[in-house]
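Chain residues, written in single-letter form:
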Amino acid sequence: MSKSIYGIDTSKMSAQTIYKSLETKRGPYMDRAREASEITIPQLYPPEGSDENTAYPTPYQSLGAKGVNNLANKIVLSLFPPTTAFFKLGLSPADLAATGKAQGEVQQAMYILETSIVNEMEVSSLRPKLVHLIKQLIVGGSSVIYVPELGSPEIFKLDEFVVKRDKKGNVLRLVIKQSVAFTSLSASIAKQLPRNEITDEIRDGKKMLDLYTAIVKSDDDTYTVWQEILGKRIDGSEGTYKTEDLPYRFIPFVDSGEDFGRSYIEDFIGDIQSYEGLRQAILEGAAESARILYVLRPNSTLSAKRVQAAKSGDVLVGNPEDISTIQSDKRMDMSVTQKEAENLKQDIALLFLLDSAVRRDAERVTAAEIRQVSQELEVALGGIYSTLSNALQGPLVKLYMNRLVKQKKINPVLKDSLKLEITTGSAALGRGTDFNVLNTFVNTLGMILQNPAAGNYVNVSELIKRMAYSLDINTASLIVSEEERQAMQQQAQQQQLMEQAAPELVKGAMNQQSE
């Protein structure tokens, strides 16, 4: 049954036409991605028309590549910790009561389910794909991940797809363009293609075919998916998916409400370009300084040929004042260039969370200093973590849950009633912030209570309440109330009186027995 969007029958739509109509809007994003890629990792977004024989430009510095690789791996490690679930599954109170099981039994079952999903991700080689995905996002700003029901996920770069989204960020149209060899197509698909368009070059694999995959949102909020080659829609490729079940996911890095996402590098590409230029100047200056050029005085008894032919240790007859070397008096200029390059290097290293940037230039640097700077830098990525949590982490859990349903490892009825909570990324940063606030509160409180004279000058109970309020700490069930404190003191006094009276009672009992 065909779907419609804005009254247009999706069965009459052409994926190739949609792709070409949206391709021009992708142009500025591609230009920025290639510009950023050229000074970081050139093969991520090579120039248009590149192939396996293309010679990529070599940057004059490796800091950009190191930074992208480091940041990508740190983000993946933070969002997807190995062998540990980055999410929690649970049931609502009503669904929990309907099971008739104890909460402990349900939690144990949820733990097994979480472990099964994580194992399925690892078996499908998701982690290396995610590292490649995040690299593309850092440099290009947008990517697409496809999670099939079986096998390993696929990643599509910015130059392989076009997208149209609404102001809320929902995908309206997404078309992926892949180059495939005719020999890689199944026999059933090859038979559907128009024979008059299959040339000898295509048949021999010398010329590739364009495979278009279209994902279009219909009026009923479902997505229609189909594939086509040479303008022919492939029979059997059509499918309809609910939003949460759609296996094709568009991932932006910085979501600014546009059709495509913005990259991380885009905000400070000027620093990297400046560092690239300074490194080029420094290397070229150093190479020039390494050149040794001799100058001979006219009418010298030494000849240029004899000087050139002389080997180390040879004896030449002549006046040493007749020969000298050319020296470039640019040491001061080069030192200024070197200093500015070092400043830029430090700034860029901080932006990419490189370990060298969080170490203070001193003889002794404590682990606490490094940890504090690292936490501050990670907090700066909190907004990106939130975007990736909604666009990547949550959908991945649901898609891999669908895989387990297909494998009959999860009851489909149970799947619909599960509640999902992401526990890494921005959620982990929030818990880390809570811990730091509580730690500050406890340490300050400890210093106050250690001083018995503090109660003579301030109302300690009121001070504790104001401290907690200033740190935005919920004191419910945390701070002992005045009534509870008095009851505890009274109980302690009674305990002390009993301990003091115990020896007298024992002595009296012994006296009665002796009589």
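On a predicted model such as this, the values are computed, not experimentally measured, just so you know. (Residues numbered from 1 in each chain as written. Predicted model: local features only at pLDDT ≥ 70, side-chain atom pairs only at ≥ 80, totals over all residues. Heavy atoms only, no water.)

Visitor: Let's hear about the overall build of the protein chain: which residues, and what values?
Guide: The helix and strand tally for the protein chain stands at 16 helices and 15 strands. Long-range pairs, those at least 24 residues apart, make up 68% of the contacts in the protein chain between residues at least 6 apart in sequence. (Helix = DSSP H or I, 4+ residues; strand = E, 2+ residues; numbered from the N terminus. Contact = heavy atoms within 4.5 Å.)

Visitor: Provide a residue-level description of the pairing of strand S12 (residues 248–252), including the pertinent values.
Guide: With five of five residues buried, S12 is to be regarded as a mostly interior element. Here S12 shows no split at all, with Tyr248, Phe250 and Pro252 on one side and Arg249 and Ile251 on the other all buried. Across five bridges, the pairing between strand S4 (residues 142–146) and S12 is antiparallel. Bridge pairing in S12 places Ser142 opposite Pro252. (Buried < 20%, exposed > 50% of the residue type's maximum accessible area, 1.4 Å probe, protein only. Pairing = 2+ DSSP bridges.)

Visitor: So what's going on with the environment of Asp329? Residues and values would help.
Guide: Here Asp329 is to be found in the loop between strand S14 (323–325) and helix H10 (331–351). Under the relative-accessibility criterion, Asp329 is labelled exposed at 75%. Along the sequence, Asp329 and Ser289 sit 40 residues apart, while their C-alpha atoms lie 9.7 Å from each other.

Visitor: Hey, could you go over the side chain of Glu114 for me, with residue numbers and the actual values?
Guide: With respect to the secondary-structure elements, Glu114 resides in helix H4 (residues 103–123). Within the buried set, Glu114 has no salt-bridge partner at all; the shortest N-O distance to an opposite charge, 4.2 Å, is to Lys88. With residues near it in sequence (within four places) discarded, Glu114 still touches Ala85, Phe87, Lys88 and Leu89. (Lys, Arg positive; Asp, Glu negative; His and termini not counted. Salt bridge = Lys/Arg side-chain N within 4 Å of Asp/Glu carboxyl O.)

Visitor: For the sheet that holds strand S5 (residues 154–156), give the residues involved together with the corresponding values.
Guide: Spatial ordering of the open sheet is given by S5-S4-S12, a layout of three strands whose pairing is antiparallel. Since the sheet does not close on itself, it has two edges, and those belong to S5 and S12, each with one partner. Direction aside, neighbouring strands of the sheet carry axes that sit 25° apart on average. Where helix H5 (residues 126–140) meets the sheet, its contacts fall on S4, S5 and S12, and the angle it forms with S4 comes to roughly 160°. (Axes fitted to C-alpha atoms, helices over the stretch in contact; angles between N-to-C directions.)

Visitor: Please give an account of the packing of helix H2 (residues 63–79) against H5 that cites residues and values.
Guide: Axis separation between H2 and H5 bottoms out at 9 Å; the angle between their running directions is 125°. Taken together, the axes of H2 and H5 lie oblique to each other. Considering only the axes of H2 and H5, their crossing is right-handed. Residues Val68, Asn69, Leu71, Ala72, Asn73, Ile75 and Val76 of H2 form the contact with H5, whose participating residues are Arg127, Leu130, Val131, Ile134, Lys135, Ile138 and Val139. In terms of residue class, the contact of H2 with H5 is built from ten nonpolar, two polar and two charged. (Parallel < 35°, antiparallel > 145°, perpendicular 65-115°, else oblique. Left-handed = near helix turned anticlockwise from the far one by under 90°. Nonpolar A, V, L, I, M, F, W, Y, C, P; charged D, E, K, R; others polar.)

Visitor: With reference to specific residues and values, describe the side chain of Ser143.
Guide: As for its position among the elements, Ser143 is in strand S4. Classification of Ser143 by relative accessible area gives buried; the value is 0%. Side-chain polar atoms of Ser143 contact the backbone oxygen of Phe156, separated by 2.9 Å. The residues contacting Ser143, other than those within four sequence positions of it, are Leu133, Gln136, Leu137, Ile155, Phe156, Phe161, Arg249, Phe250 and Ile251. (Polar contact = N/O pair within 3.5 Å; in protein donor to acceptor, adjacent residues only side chain to side chain.)

Visitor: Which residues make up a nonpolar patch on the surface, and what values do they have?
Guide: A cluster of nonpolar side chains, Leu293, Val295 and Ile326, forms an exposed patch at the surface whose accessible area comes to about 240 Å². With respect to the helices and strands, the residue Ile326 is situated in the loop between S14 and H10. The class for Ile326 is exposed, based on a relative accessible area of 52%. (Patch = residues over 30% accessible without salt bridge, like charges linked within 9 Å, V, L, I, M, F, W, Y side chains within 5 Å. Areas by Shrake-Rupley, 256 points an atom, 1.4 Å probe, with all protein chains shown as cover.)

Visitor: Describe in detail the packing of helix H8 (residues 269–290) against H10, supporting the description with residues and values.
Guide: As a packed pair, H8 and H10 sit with axes 9 Å apart at the nearest point and diverge in direction by 145°. Judged by the twist between their axes, the crossing of H8 over H10 is left-handed. Residues Asp271, Ile272, Ser274, Tyr275, Leu278, Ala281, Ile282, Gly285 and Ala286 of H8 form the contact with H10, whose participating residues are Met334, Thr337, Gln338, Glu340, Ala341, Leu344, Lys345 and Ile348. Taken together, the residues that form the contact of H8 with H10 break down as ten nonpolar, four polar and three charged.

Visitor: How would you sum up the packing of aromatic side chains? Please name residues and give values.
Guide: Here the structure, examined in full by the defined rule, presents eleven aromatic pairs. Each ring, one from Phe80 and one from Phe86, has its centre 4.7 Å from the other, and the planes form 70°; the classification is edge-to-face. Accessibility expressed as a relative area gives 2% for Phe86, which makes it buried. Clustering of aromatic rings is evident, with ring pairs tying together Tyr29, Phe161, Phe250 and Phe260. Its end group placed over the ring of Tyr29, Arg32 keeps NZ or CZ at 5.0 Å from the ring centre. The ring of Trp226 has Arg233 sitting right over it, with the charged end atom 4.0 Å from the ring centre. (Phe/Tyr/Trp six-rings, centres within 6.5 Å; stacked < 30°, edge-to-face > 60°. Lys NZ or Arg CZ within 6 Å of the ring centre and 35° of its normal.)

Visitor: I'd like a rundown of the pattern of salt bridges, residues and numbers included.
Guide: Scanning the entire structure with this criterion turns up 15 salt bridges. We note a salt bridge from Lys164 to Asp259, for which the minimum N-O separation is 3.9 Å. Taken as a pair, Lys164 in strand S6 (residues 161–165) and Asp259 in the loop between S12 and H8 lie far apart in primary sequence, 95 residues in all. The exposure class of Asp259 is buried, given its relative accessible area of 9%. In this structure, the salt-bridge partner of Lys217 is Asp221, at a minimum N-O distance of 3.7 Å. Given the relative accessible area of 14%, Lys217 is considered buried.

Visitor: Report on unusual backbone geometry, specifying residues and quantitative values.
Guide: Residues apart from glycine generally show negative phi values, whereas peptide bonds are mostly found in trans. Phi at Ser125 is positive, roughly 60°, even though this residue is not glycine. Secondary-structure assignment places Ser125 in the loop between H4 and H5. Judged by relative accessible area, Ser125 falls into the partly exposed class, the value being 35%. The phi dihedral of Leu230 falls on the positive side, at around 55°, and the residue is not glycine. Relative to the elements of secondary structure, Leu230 occurs in the loop between strand S9 (223–229) and strand S10 (232–233). Judged by relative accessible area, Leu230 falls into the partly exposed class, the value being 29%.

Visitor: Help me get a handle on H2, residues and values and all.
Guide: An ideal rise of 1.5 Å per residue puts 24 Å on 17 residues; H2 measures up with 24 Å between its terminal C-alpha atoms. All buried positions along H2 are accounted for by Leu63, Gly64, Gly67, Val68, Asn70, Leu71, Ala72, Ile75, Val76 and Leu79. (Expected span 1.5 Å × (residues − 1).)

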